[in-house]
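Chains, contacts and geometry: an overview
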Amino acid sequence: MTPLRLVYLALVIVGAILPWTYFYAWFSEHGWALGPMIDAWWVNDATSALVYDLTIAAIALTIWALVEVARGDRWFLLVIPATFGIGVSCGLPLALFLKARA
């Protein structure tokens, strides 16, 4: 495995664990319903901007993953649940990790 792929793999792991430590803390404090969390995303212009920014990035990443799947690389299907189930912070490095294969 190349050093670049190791960096991408490390970012996949950090991008999965770090955001979820904060999500878990939030859910532990506020309960496990998604409604209050979604409401919290829109509390001010800064959080709203991040929601739009990450949503657009997730859509673009999903389109890229689907194009790679159409080209025959089914491993890119993993990018979609990683992006929407964990976050762009996991999905993007996963896509780069897959793309950097020799």
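Residues numbered from 1 in each chain as written. Predicted model: local features only at pLDDT ≥ 70, side-chain atom pairs only at ≥ 80, totals over all residues. Heavy atoms only, no water.

A separate point is the UniProt feature "transmembrane region" (unreviewed entry) in the protein chain. Listed under "transmembrane region" (unreviewed entry) in the UniProt record, and renumbered for this structure, are residues 7–27, 47–67 and 74–98. Taken end to end, residues 7–27 comprises 100% helix and 0% strand; its first and last C-alpha atoms sit 30 Å apart. In this annotation, residues 47–67 is assigned 100% helix and 0% strand; the end-to-end C-alpha distance for the span is 30 Å. (UniProt positions renumbered as here; feature names shortened; annotations may be inferred. Helix = DSSP H or I, 4+ residues; strand = E, 2+ residues; numbered from the N terminus.)

With that out of the way, let us pick up the packing of aromatic side chains. Per the counting criterion, the structure on display carries 7 aromatic pairs. Between F27 and W32, the aromatic rings sit 4.9 Å apart at their centres with planes inclined by 15°, giving stacked as the arrangement. We note R5 situated over the ring of F97; from NZ or CZ to the ring centre the distance is 3.8 Å. (Phe/Tyr/Trp six-rings, centres within 6.5 Å; stacked < 30°, edge-to-face > 60°. Lys NZ or Arg CZ within 6 Å of the ring centre and 35° of its normal.)

With that out of the way, let us pick up the side chain of R5. Checked against the element boundaries, R5 lands in helix α1 (residues 3–30). Residues within four places of R5 in sequence aside, it is in contact with F97, A100 and R101. (Contact = heavy atoms within 4.5 Å.)

Here the focus is the confidence of the model for the protein chain. One rule of thumb: low pLDDT means the predicted coordinates there are not for detailed reading. On average, residues of the protein chain carry a pLDDT of 96, and 99% of them reach 70 or more. Here helix α2 (residues 34–40) is the element of the protein chain with the lowest mean pLDDT, 93, and helix α5 (residues 88–99) is the one with the highest, 98. (pLDDT = per-residue confidence, 0-100.)

Structurally, T62 can be placed in helix α3 (residues 45–70). Classification of T62 by relative accessible area gives buried; the value is 14%. (Buried < 20%, exposed > 50% of the residue type's maximum accessible area, 1.4 Å probe, protein only.)

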